[in-house]
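# Survey of secondary and tertiary structure
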Amino acid sequence: MRPRLRGCLVSVVVAAGLCLAAVAVLRPGGQDPPGPEPAREPAPARTELVSERRLDERRMELTIRSRALDATTKVRLLLPRGWESRTGWPVLWLLHGGLDDHTSWTARTDVEALTRDTGVLVVMPDGGECGSYSDWWNGGEGGPPRWESHHLEELLPLLEARYRAGPRQAVAGYSMGGQGAMLYAAKGHFEAAASFSGALHILGPGVPQAVMAGTAIGCFGTDWKRIWGDPEEQREVWRAHNPYDLADKLKGVRLYVSAGEGDLVEDLANRAARAFAGRLEELGIPVRTHFHRGGHNHTSWQRELHRAYPMLMSDIGARQVS
């Protein structure tokens, strides 16, 4: 299927709010709650670092063998100026959307320039094309891929032990990564979180059907039930991965939520974001929102990162470096 046709088709099936980041835009060639959790194995205490490659003055790429994923995976870092001179750097995690990878933030936005004069370690992990930043249900058996366990129980300690990361951390993401940012913030690891066009209410009208179709088409050959099960039969598993249902766990986290209007996918992400923001308001949890004109694309996400950036940096104590 030609790339443009594929993008249009997937955009239709995810239009109810599924966060597949690259479905509405062409990808550059070769580029870069309530209820029980699904059963899962405990994450290993240590992670094997396969390789560490310095791409330039700031970019570093790690290859990690993950037991949580039962596979090797990659992480891209943007090092702050003077990185080797101290430890305890504030950390900003940037999560990519569906069908993208760990290179997408640096390939498609100006994040390198934005962070150049800030004393912050930027972490951009791979999250799988349809990983959903979740430990997959896998028919109730758990097991790999366990993206949440990999990021929070393998990668996070590795960054602190080996890459001079400090305890003050923020997380942001676009599309699928926007959902992931709120899921991870609800676990208590981050002081601030931002979602750009994220699917923040996966049980909203029509969204489960979009998840099914989007996973089947966007990640051809993947059984969509492996992720969270059936939305009716495994309702509690879905709720355990729904930012809307986890909103009460975000008390004390500085929050930024944005979504645009301008194409079918973004209009429906907008509805999900407004529902999530409304839920936060009901709970008395402050959130900064920006609902704007703009499509489901990296142009919008770059702009929103710029808007959220001062808030994210102030909450983790990151300062300008000379």
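That block above? That's the structure.
Attention in this report is confined to the structure presented alongside it.

The rules behind these values
Residues numbered from 1 in each chain as written. Predicted model: local features only at pLDDT ≥ 70, side-chain atom pairs only at ≥ 80, totals over all residues. Heavy atoms only, no water. Phe/Tyr/Trp six-rings, centres within 6.5 Å; stacked < 30°, edge-to-face > 60°. Helix = DSSP H or I, 4+ residues; strand = E, 2+ residues; numbered from the N terminus. Buried < 20%, exposed > 50% of the residue type's maximum accessible area, 1.4 Å probe, protein only. Lys NZ or Arg CZ within 6 Å of the ring centre and 35° of its normal. Core = buried A, V, L, I, M, F, W, Y, C linked by side-chain atoms within 4.5 Å. Contact = heavy atoms within 4.5 Å.

### Topic: the packing of aromatic side chains
Applying the stated criterion across every chain yields a total of six aromatic pairs. Consider the rings of Tyr-133 and Tyr-184, whose centres lie 5.9 Å apart with planes at 90°: the pair is edge-to-face. Here Tyr-133, found in the loop between strand 5 (121-125) and helix 4 (147-162), pairs with Tyr-184, found in helix 5 (residues 176-185); they are 51 residues apart in sequence, far enough to count as distant. Tyr-184 matches Tyr-133 in its accessibility class, with the two residues each being buried. Their ring planes at 70° and their centres at 5.1 Å tell us that Trp-228 and Trp-238 sit as a pair that is edge-to-face. On the criterion of sequence distance, the pair formed by Trp-228 in helix 7 (residues 225-228) and Trp-238 in helix 8 (residues 235-239) is long-range, its members being 10 residues apart. We note that Trp-228, like Trp-238, is buried. Among the aromatic residues, those joined into a cluster by ring pairs are Trp-105, Tyr-174 and Trp-301. The ring of Trp-83 carries Arg-164 above its face, with NZ or CZ at 5.6 Å from the centroid. The positively charged end of Arg-274 is found above the aromatic ring belonging to Phe-291, 4.1 Å away from the centroid.

### Focus on the nonpolar core
Judged by nonpolar contacts, the single largest core of 43 residues is most densely connected at Leu-77, Trp-93 and Val-123. Sort the elements by how many residues they give to this core and helix 5 lands first, with six residues. Among residues more than four places away in sequence, those in contact with Val-123 are Val-75, Arg-76, Leu-77, Val-91, Leu-92, Trp-93, Leu-94, Leu-155 and Leu-159. The next biggest cluster of nonpolar side chains, apart from the first, holds 25 residues, and it includes Leu-92, Leu-94, Tyr-256 and Trp-301.

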